[in-house]
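Fold and contact review
Listed here are the chains, written in short residue letters.
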Amino acid sequence: MSDYKDTLNLPHTEFPMKANLAQREPGILQGWQKLDLYKRIQQKNSGKPKFVLHDGPPYANGELHLGHAINKSLKDFVVKAKSLNGFDAPYIPGWDCHGLPIEHNVEKKKGKAGQKISHAEFRKACRDYAAKQVDIQREGFIRLGVLGDWESPYLTMNFETEADIVRALGKIAEKGHLVKGYKPVYWSVVGASALAEAEVEYQDKDSFAIDVRFAPQHRESFLAKFSVVNKAAVPAELPISIVIWTTTPWTLPSNQAVCLHPELDYALVSCELDQGAELLVLAKDMVADIMARYQCESFEIVAEANGAQLENQVLQHPFVDREVPVILGEHVTTETGTGAVHTAPDHGVDDFNVGAAYGIGTLNLVDENGVFTQAAGDFAAAHVYKVDEGIIAKLREMKALVALEKITHSYAHCWRTKTPLIYRATPQWFISMSEQDLLGKSLAAVEKVKWIPNWGKARIELMLKGSPDWCISRQRTWGVPITLFVNKDTQALHPNTSELIEQVAQRIEKKGIEAWFELDTEELLGTDAANYEKVTDTLDVWFDSGVSHYSVIAKRDELSYPADLYLEGSDQHRGWFQSSLKTAVAMNDTAPYKEVLTHGFFVDADGKKMSKSLGNTVAPDLIFKQYGADILRLWVAATDYRGEMTVSDEIFKRVADSYRRIRNTARFMLSNLNGFEPETDQVSAAEMIAVDYWITRQCQLLQKEVIEHYDSYNFLNVYQKIHNFCVVELGGFYLDVIKDRQYTTQADSLARRSTQTALYHILEIFSRLIAPILSFTADEIWQNIPGARQESVFLSNFADGIASYPELSAFPDTFWQQILLVKTAVNKELEAKRAAKEIGASLSAEVDIFCDPVLAEQLNSLDSELRFALIVSRAKVHPITEAPATASATELDDVKLSVTASSHEKCERCWHHTADIGESTAHPTLCQRCVVNVDGDGEPRRFV
């Protein structure tokens with residue numbers, strides 16, 4: 001017996017089966033950095049059509065988390081796909097660098113500004129802290145494989161950017177959108193600063209819900225407003241009160257009115273509660289439910305009055321020496337409570353607005369830290385978080401408490417400090433939504449934007465319609481200053497505000513925001529300085545990032561306004577999408593983006609939101625170390641980002657399995673390019689074996705589909721199409737059927753070179769298609785494909801390579817799809833026979849196919865090569881009418897199979913069982929086909 005191993009074309013490649021991504025990826029990153037890959041990509045695409053994805057800046061605080069990784073991966077998919085598709089697609093990453101969390105972290109080490117450390121030193125410490133956080137996050141994003149201008153990102157604390165943020169404020173003021181107002185705003189008592197709607201999140205909170213009596217001061221005139229139903233039930237001695245319901249007992253010291261709806265009917269209810277018989281005024285439609293809540297089974301409506309009839313009646317505050325009028329408001333509802341609303345203009349927008357209509361101002365009983373002032377009387381020096389029980393005790397003492405319960409409800413919290421917020425009336429600077437119809441213009445701009453998914457449009461419209469004037473002032477140390485001069489007496493802006501802002505901006509460009517805080521008013525205003533004062537507030541950080549369409553997009557040469565795409569999490573409809581829209585419309589009358597794409601957030605296997613407090617988070621760094629960045633990126637692509645994205649160890653293991661299928665498919669193809677030189681060994685399309693031509697065409701069709709999915713940001717479909725191609729067309733058929741031809745034909749034969757040409761073309765297309773998602777793996781594949789090529793797959797284009805292969809009339813796509821179906825049916829029958837131990841390997845079997853004339857003609861067109869397509873030693877086609885009773889039915893209509901073990905010897909070299917083994921005296925253990933391949937001119941192949 002001879003050893004024919006050396007006559008076989010055995011596969012070989014340096015591309016390893018074991019990915020070892022955690023160890024291999026850092027080396028690939030170093031190669032990219034040495035190559036200056038991002039810059040090279042920009043040079044490659046210079047002058048091509050522009051595509052600008054503007055990066056919503058993450059906050060420069062804290063380690064990289066999974067939300068960061070999801071967001072940056074999606075952006076990287078988009079930018080890389082656009083770059084490979086022939087667009088000049090720059091990516092300028094950014095960071096939000098001012099604001100409260102950074103202040104808090106610096107305060108922990110340095111103390112409060114103006115106490116242990118000067119304000120200037122404090123701001124420098126904040127700048128240093130933010131810079132370190134940027135470096136930490138940047139390192140994580142680079143490790144994730146994100147390509148961008150990491151050397152020149154945009155930071156909102158860059159001097160030039162700070163100056164342009166100030167300029168943007170000036171332009172908005174110049175257009176008449178900036179107003180100073182005194183109204184309640186969300187206030188963080190922990191941060192001692194106002195907040196905007198975008199900085200608010202809702203969490204469950206346990207609160208006291210109380211019903212409180214407000215007694216009329218003039219009983220007879222009050223009763224006179226009611227139409228009496230049962231006069232006998234209204235004895236003179238019974239106490240009367242309007243009952244309010246509130247979940248914020250701490251606001252009662254600031255109560256100045258009780259509000260009723262003008263069109264609601266109110267009932268005077270006779271009932272007996274803990275204090276005995278009394279008369280309560282409640283919304284008529286709510287009486288039964290309220291009495292049930294009070295556990296009062298016996299009650300009677302004795303009189304009724306319309307809300308408007310009770311207007312201006314005077315009540316007595318339950319524990320403060322204060323007259324409280326009955327006022328009217330459309331915001332009163334019968335959904336909860338009693339139909340009568342306790343009104344404290346200091347602590348609610350509706351309260352403030354309805355109070356203003358009646359000339360009721362604010363009392364300012366709560367200071368910036370949430371502590372009651374001396375004017376609060378009994379509750380002076382108490383903190384709003386801790387005063388509820390004291391107020392409830394006071395109500396009991398005054399016999400004003402009707403009912404008390406503990407409830408859990410959704411309540412506004414600061415999304416930075418995670419602490420409950422209060423409404424507090426203070427003088428603030430606002431971008432008005434009504435002065436110049438900014439709301440109407442913003443809603444009109446929304447119509448011109450493409451929202452992905454399309455529900456994003458309805459969501460932002462809802463957010464816009466529900467948003468009040470935007471409070472942009474903050475009482476902080478670390479932030480871009482509101483660089484305005486206001487008249488000390490009238491509070492009016494200086495008449496030369498636009499010119500002054502530009503002068504200040506020029507100083508900030510040189511020294512940063514410190515230039516404003518150091519500025520002596522006389523330097524700019526001269527003798528007029530005596531009449532004006534500098535505003536000391538800083539800007540809301542949402543303003544900083546919101547005007548990045550001006551400070552970044554419009555300022556950097558490689559970008560262009562408006563951006564083609566903004567891509568962020570779905571919470572940004574109330575955040576960055578909205579702040580960007582409002583400021584862009586205020587400045588330019590246009591939206592800053594053409595398209596807006598939103599993604600969901602990640603949850604654990606039980607559907608729970610992931611958080612540090614629950615201990616169910618997964619740090620990207622751990623995923624990098626365990627699996628590699630490409631697995632994390634593949635998980636993002638393989639998940640429908642439009643909804644919640646589930647994370648678990650089991651899911652990552654499944655993704656890793658899918659990755660291995662993709663990698664091993666590429667490895668098999670690479671290993672069979674052993675000895676192939678594209679410059680000399682390629683076969684033309686006209687010369688290719690039919691199945692090689694077909695698979696190359698299928699890969700071209702896949703490329704067209706995948707590019708379309710990239711263009712529509714449908715990364716899940718990209719993943720599914722590529723994975724399915726590996727599993728079905730390649731793994732399930734083509735790579736199986738070519739093994740015999742690839743291994744056994746002569747090394748430089750047309751039969752082998754045709755296969756290698758197909759594999760070469762497929763690998764080039766394949767590596768480019770997976771590059772936006774599996775960036776490290778794609779480049780690793782690219783480096784192992786034979787032939788001269790660019791240093792990185794990212795320096796190529798989707799459109800590179802061979803011209804499109806048209807469908808062949810002799811072997812159309814449907815022909816090979818039918819062959820694939822027949823092969824699947826044969827495989828099932830082979831498995832059944834193998835399980836019954838009637839055959840061994842598939843090459844030990846012979847197959848007889850009984851089918852209709854149309855399929856028979858198709859199968860017979862492959863002639864003797866049908867056996868190679870089915871990977872059996874003999875395949876013969878017969879009319880369906882000749883099928884014996886023993887033939888097995890299949891899932892295909894009119895197709896039956898007979899599978900039998902071959903009676904012939906096995907060829908030592910190709911393992912086929914044939915009748916001609918032993919006919920060659922020189923090679924007695926070989927079939928004649930192998931003899932020709934070893935000693936002759938080589939075996940001809942046409943189809944498979």
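Calculation notes
Residues numbered from 1 in each chain as written. Predicted model: local features only at pLDDT ≥ 70, side-chain atom pairs only at ≥ 80, totals over all residues. Heavy atoms only, no water. Helix = DSSP H or I, 4+ residues; strand = E, 2+ residues; numbered from the N terminus. Rg over C-alpha atoms; globule rule 2.2 N^0.38 Å. Buried < 20%, exposed > 50% of the residue type's maximum accessible area, 1.4 Å probe, protein only. Contact = heavy atoms within 4.5 Å. Areas by Shrake-Rupley, 256 points an atom, 1.4 Å probe, with all protein chains shown as cover. Lys, Arg positive; Asp, Glu negative; His and termini not counted. Charge placed at Lys NZ, Arg CZ, Asp CG, Glu CD. Pairing = 2+ DSSP bridges. Axes fitted to C-alpha atoms, helices over the stretch in contact; angles between N-to-C directions. Parallel < 35°, antiparallel > 145°, perpendicular 65-115°, else oblique. Left-handed = near helix turned anticlockwise from the far one by under 90°. Nonpolar A, V, L, I, M, F, W, Y, C, P; charged D, E, K, R; others polar. Phe/Tyr/Trp six-rings, centres within 6.5 Å; stacked < 30°, edge-to-face > 60°. Right-handed = clockwise from strand over helix to strand, strands pointing away.

In this section: the overall build of the protein chain. Scanning the protein chain from N- to C-terminus turns up 31 helices and 31 strands. The C-alpha radius of gyration computed for the protein chain amounts to 38 Å, which surpasses the reference 30 Å derived for 944 residues by more than 25%, pointing to a less compact arrangement than a globule. Each of the three principal axes of the protein chain carries a C-alpha extent, and together these read 125 × 75 × 45 Å. Expressed as a percentage of its 944 residues, the buried residues of the protein chain come to 59%. Long-range pairs, those at least 24 residues apart, make up 78% of the contacts in the protein chain between residues at least 6 apart in sequence. Summing over all exposed atoms, the protein chain offers an accessible surface of approximately 39,000 Å²; the carbon and sulfur share of this is 49%. Across the protein chain, the 98 positively charged side chains and the 129 negatively charged ones have centroids separated by 4 Å.

So, on to the sheet that holds strand 31 (residues 895-901). Strand order across the open sheet formed by 4 strands is 29-28-31-30, with mixed pairing between neighbours. The two strands at the open ends of the sheet, each matched to only one other strand, are strand 29 (874-879) and strand 30 (888-889). Pairing analysis gives 6 bridges linking strand 28 (residues 845-851) to strand 29, with the strands arranged parallel. When the bridges of strand 29 are listed, E846 appears paired with R874. Across the sheet, helix 28 (residues 813-835) touches strand 28, strand 30 and strand 31, and the angle it forms with strand 31 is around 45°. Here helix 29 (residues 853-860) sits on the sheet in contact with strand 28, strand 29 and strand 31, set at roughly 140° to strand 28.

This part takes up the sheet that holds strand 4 (residues 178-188). Strand order in the open sheet made by the 4 strands is 5-4-17-19, with antiparallel pairing throughout. Looking at strand neighbours, the two that pair on one side only are strand 5 (193-195) and strand 19 (470-471), the edges of this open sheet. The sheet contact formed by strand 17 (residues 422-431) and strand 19 spans 2 bridges and is antiparallel. Residue pairing in the sheet places I431 in a bridge with W470 of strand 19.

What follows is about the packing of helix 12 (residues 455-466) against helix 18 (residues 576-588). Relative to each other, helix 12 and helix 18 sit at 65°, their axes nearing to 11 Å. With respect to their mutual orientation, helix 12 and helix 18 come out roughly perpendicular. Here the hand of the crossing between helix 12 and helix 18 comes out right-handed. Along the contact surface, helix 12 presents I460, M463 and L464, while helix 18 presents F577, Q578, L581 and K582. Residues belonging to the contact of helix 12 with helix 18 are distributed by class as follows: 5 nonpolar, 1 polar and 1 charged.

Turning next to the side chain of S442. Position of S442 relative to the elements: it lies in helix 11 (residues 438-446). For S442, a relative accessible area of 0% corresponds to the buried category. Residues in contact with S442, not counting those within four places in the same chain, are L464, L581, K582 and V585.

Per the stated rule, a full pass over the model turns up 30 aromatic pairs. Taking 6.1 Å as the distance between ring centres and 20° as the angle between the ring planes, the aromatic pair formed by Y710 and F798 counts as stacked. Of this pair, Y710 sits in helix 23 (residues 690-711) while F798 sits in the loop between helix 27 (775-784) and helix 28, and the two are 88 residues apart along the sequence. F798 carries the same exposure label as Y710, and that label is buried. Both rings, one in F811 and one in F815, keep their centres 5.0 Å apart while their planes meet at 70°; by these two values the pair is edge-to-face. Exposure class is identical for F811 and F815. Each is buried. Taken together, W694, F733, F811, F815, W816 and F943 form an aromatic cluster joined through their ring pairs.

Counted residue by residue, strand 24 (residues 563-569) has 7 buried out of 7 residues, so it is predominantly covered. One ladder, built from 2 bridges, connects strand 1 (residues 53-54) with strand 24; its direction is parallel. By the bridge assignment for strand 24, L53 is matched with L565. For strand 24 and strand 25 (residues 593-599), the ladder comprises 6 bridges, and the chain directions are parallel. Of the residues in strand 25, the one forming a bridge with L567 is L597. Running through helix 18, the crossover from strand 24 to the neighbouring parallel element strand 25 is right-handed.

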